[in-house]
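As a plain string of letters, each chain reads:
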Amino acid sequence: MASNSEIRLGIVGMRLGLWHAGAIAEIDGASIVAVADNVQGKLPGPNITLGEWADSLGADAYVDGVDMIKNADINAVDLCVSPKWRLPLVEAAAERGLPVLIEKPWGTNMAHGRALAEVINKASLLHMVEFPLRYFPPILELKKLLDNGPLGRPFVVNAEIVMGEGPAKMPDHWMWDPDNGNGAVNENTCHVFDTLCYLLGEPVSVHAFGASYHGAAPALPDGVVANIAFESGAVASVTGGSLGADILRTPTWLDVYAEKGQALVTGIEHMFDTLTWGRSDDSGEPNRHHWPNPRLRTLIVQYAIAEFVDSVRTGRQPESDADAGLKALALAVAVNESTATGEIVDLRN
């Protein structure tokens, strides 16, 4: 547990790390004091070098993330590198006992994901998977409405998040490397998988349909519809992948049919902003609450990072932990397998 003084963060990976840096700048009591990236040259966005950008923050710059974790004057680590490169970074954080925030997706495959979890669990390390959607206000409010709330137990859910088609036409993108992103379903649809597990509990089976429609990675689908059964008896249908038109700005929705009513969560730019709901015995107009989205698309991470900073300060383990990461990863792997075989995948095996 850190003291009430400033939380001193080190970021590894300054492509997506720039998004995280923007969110950290919005949080009182948190600062970036070290950054690391092994790619030299100009950073995307600021058009300055890593060293120049670090100087503008008053931070130390490193070309090696493990070196930064071992030696920087920090009390937490933010890992914004793709999955393939994480294990030695997590091991370094565990060796020093530094709380660690890890970008989604959790891992490349189940063996890799379990190896990460083993390091973290063995060290009893405070950690968090940066699954942003579960921390958006409409999802937090929806969680209160379900189960013991006014809507009761959720029965059937329809959900969608489909990123733009650009990556589906880029075979050299790290997303399609089976030993790194392991496909659009793992890299992006995992947003919805985690949100569903947060709302519905333990997934038990998957039956999915789809294909590599644009062919960037023939063995990995870029468009899917996945039917997921949960231990609670709830079922969900998820549309995901990388087939969207960017002009529509990634419309995102989640429709819940529950024991005592229905709720709809909608938004754009990968972000939920509106919750509409009502009970089956209600009359008149439904309840509707809108929250303005963060002013920039890059601030999608702000709620999750604020949760991480608070957890570091209090010593409280966040709910989006290694187990949550493994569940979302298992769903992605199962969806890829089911689309290839046409068979139902039992997650309990």
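Residues numbered from 1 in each chain as written. Predicted model: local features only at pLDDT ≥ 70, side-chain atom pairs only at ≥ 80, totals over all residues. Heavy atoms only, no water.

S.K.: A description of the overall build of the protein should follow, citing residues and the corresponding values.
M.R.: Scanning the protein from N- to C-terminus turns up 9 helices and 15 strands. For 349 residues, the compact-globule formula gives about 20 Å, and the C-alpha radius of gyration of the protein, at 20 Å, lands near that figure. Considering the protein as a whole, with its 349 residues, one finds that 54% of them fall into the buried category. Counting only contacts in the protein whose residues sit at least 6 apart along the sequence, the fraction spanning at least 24 positions is 68%. For the protein, the accessible surface area stands at approximately 14,800 Å², while carbon and sulfur atoms represent 51% of it. Within the protein, the 44 negative side-chain charges are centred at a point lying 2 Å from the centre of the 25 positive side-chain charges. (Helix = DSSP H or I, 4+ residues; strand = E, 2+ residues; numbered from the N terminus. Rg over C-alpha atoms; globule rule 2.2 N^0.38 Å. Buried < 20%, exposed > 50% of the residue type's maximum accessible area, 1.4 Å probe, protein only. Contact = heavy atoms within 4.5 Å. Areas by Shrake-Rupley, 256 points an atom, 1.4 Å probe, with all protein chains shown as cover. Lys, Arg positive; Asp, Glu negative; His and termini not counted. Charge placed at Lys NZ, Arg CZ, Asp CG, Glu CD.)

S.K.: Could you give me a rundown of unusual backbone geometry, with the residues and numbers involved?
M.R.: Residue Lys104 is joined to Pro105 through a cis peptide bond whose omega torsion reads -5°. Looking at the element boundaries, Pro105 is found in the loop between β5 (100-103) and α5 (110-122). A positive phi is found at Asn47, a non-glycine position, where the angle reads about 55°. Relative to the assigned elements, Asn47 resides in the loop between β2 (30-36) and α2 (50-57).

S.K.: Which residues make up the pattern of salt bridges, and what values do they have?
M.R.: Within the structure shown, the criterion is met by 16 salt bridges. With a closest N to O distance of 3.1 Å, Arg15 and Asp37 form a salt bridge. One end of the pair, Arg15, is in the loop between β1 (7-12) and α1 (17-24); the other, Asp37, is in the loop between β2 and α2, with 22 residues separating them in the sequence. Overall, the relative accessible area of 34% leaves Arg15 in the partly exposed class. Residue Glu269 pairs with Arg297 through a salt bridge whose shortest N-O separation is 4.0 Å. One end of the pair, Glu269, is in the loop between β12 (261-268) and β13 (271-279); the other, Arg297, is in the loop between β14 (287-290) and α8 (302-314), with 28 residues separating them in the sequence. (Salt bridge = Lys/Arg side-chain N within 4 Å of Asp/Glu carboxyl O.)

S.K.: Summarise the sheet that holds strand β4 (residues 76-79); cite the residues concerned and give the values.
M.R.: Taken in spatial order, the 6 strands of this open sheet run β3-β2-β1-β4-β5-β6, and their pairing is parallel. Of all strands in the sheet, those bounded by a partner on one side alone are β3 (60-62) and β6 (127-130). The mean angle between the axes of side-by-side strands here comes to 25°, regardless of whether they run parallel or antiparallel. Judged from the 4 bridges that link them, β5 and β6 form a sheet pairing that is parallel. When the bridges of β6 are listed, Leu101 appears paired with Met128. Each of β1, β2, β4, β5 and β6 touches α8; the most contacted strand, β1, lies at about 130° to it. (Pairing = 2+ DSSP bridges. Axes fitted to C-alpha atoms, helices over the stretch in contact; angles between N-to-C directions.)

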